[in-house]
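Per-entry structural report
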Amino acid sequence: MFLRISTRHICATSARKHMVSRHLGTTTQLRDAESIGLERKMRHDEDLQTMRRRLQYQMRKRGILETDLLLSTFASEHLNGLSREELVDLDALLSNIDWDIFYWATKKTQPPEVIQKMSVFHKLQDHATRQGTKITRMPDLEE
């Protein structure tokens, strides 16, 4: 049995700019330290309804139960009330590793500064604080 561990390390380039290297299985992504998450396809012409549905699906099917429950209940309660800017920030937040999102939202580890500036992230942290006091299940999808 193999345990897959994601690791991050920071190295300085000759211009003294930091790059973040993530090793995920066989994939390594090098990103500017100001960027967050893994590379994602940009969807500039996506309408709000399509974006909300895509994000709702992505928040339910993360792969780690704890993150699935946290994000799916957040989506059920808040997704329809988020502005386009908050939806774009949420999309960027979802490009991160499940455990990172979970630990940041539950305040177990400190998130990067760019994530701390997101209003949607603070809503997610508030939601995580409230959800931590009750047993929850994945909400039903609307038809």
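Each remark here, short or long, concerns the structure printed above.
A quick note: this is a predicted structure, and the numbers were derived from the prediction, not measured.

On to the pattern of salt bridges, then. If the charged atoms of two oppositely charged side chains come close together, the side chains can form a pair. The final tally for this structure, using the stated rule, is six salt bridges. Here Glu-113 makes a salt bridge to Lys-117, at a shortest N to O gap of 3.4 Å. Here the two residues Glu-113 and Lys-117 agree in accessibility, since each one is exposed. In the salt-bridge network here, residues are joined through shared partners; they are Glu-46, Arg-54 and Asp-91.

Position of Gln-125 among the secondary structure elements: in helix H6 (residues 119-131). A relative accessible area of 10% means that Gln-125 is categorised as buried. In the structure, Gln-125 is positioned 51 residues away from Phe-74 in sequence and 9.8 Å away in space, judged by C-alpha atoms.

Another point: the environment of Asp-68. Mapped onto the fold, Asp-68 is located in helix H2 (residues 65-78). Residue class for Asp-68 comes out buried when judged on its relative accessible area of 10%.

The next thing to look at is the side chain of Ser-95. Residue position: Ser-95 is located in the loop between helix H3 (84-93) and helix H4 (98-105). On the accessibility criterion, Ser-95 (6% relative accessible area) is buried. There is a polar contact of 2.6 Å between the side chain of Ser-95 and the backbone oxygen of Ala-92.

This paragraph deals with the nonpolar core. Core analysis: the largest hydrophobic core is formed by 23 residues, its most contacted members being Met-59, Leu-79, Leu-90, Leu-93 and Leu-124. Secondary-structure elements contributing two or more residues to this core are helix H1 (48-60), H2, H3, H4 and H6.

Turning next to unusual backbone geometry. Leave glycine aside and you will find that most residues have negative phi; peptide bonds, for their part, are mostly trans. In this structure, Lys-107 is a non-glycine residue whose phi angle is positive, near 65°. With a relative accessible area of 54%, Lys-107 lands in the exposed category.

The geometry of H3 relative to H6 is characterised by a closest axis approach of 8 Å and an angle of 70° between their N-to-C directions. On the basis of their axis angle, the class for H3 and H6 is roughly perpendicular. Between H3, through Glu-86, Asp-89, Leu-90 and Leu-93, and H6, the contact on the second element is made entirely by Ser-119, Val-120, Phe-121, Lys-123 and Leu-124. Across the contact of H3 with H6, the residue classes tally to five nonpolar, one polar and three charged.

With that settled, consider H3. In an α-helix there are 3.6 residues to a turn, and that puts residues three or four apart on one side. All buried positions along H3 are accounted for by Glu-86, Leu-87, Leu-90, Asp-91 and Leu-93. Seen end-on, H3 carries its buried residues on one side only, within an arc spanning 160°. Those residues of H3 hidden inside the fold are in contact with H1, H4, helix H5 (113-116) and H6.

Rules used throughout
Residues numbered from 1 in each chain as written. Predicted model: local features only at pLDDT ≥ 70, side-chain atom pairs only at ≥ 80, totals over all residues. Heavy atoms only, no water. Salt bridge = Lys/Arg side-chain N within 4 Å of Asp/Glu carboxyl O. Buried < 20%, exposed > 50% of the residue type's maximum accessible area, 1.4 Å probe, protein only. Helix = DSSP H or I, 4+ residues; strand = E, 2+ residues; numbered from the N terminus. Polar contact = N/O pair within 3.5 Å; in protein donor to acceptor, adjacent residues only side chain to side chain. Core = buried A, V, L, I, M, F, W, Y, C linked by side-chain atoms within 4.5 Å. Axes fitted to C-alpha atoms, helices over the stretch in contact; angles between N-to-C directions. Parallel < 35°, antiparallel > 145°, perpendicular 65-115°, else oblique. Contact = heavy atoms within 4.5 Å. Nonpolar A, V, L, I, M, F, W, Y, C, P; charged D, E, K, R; others polar. Arc of directions from axis to C-beta.

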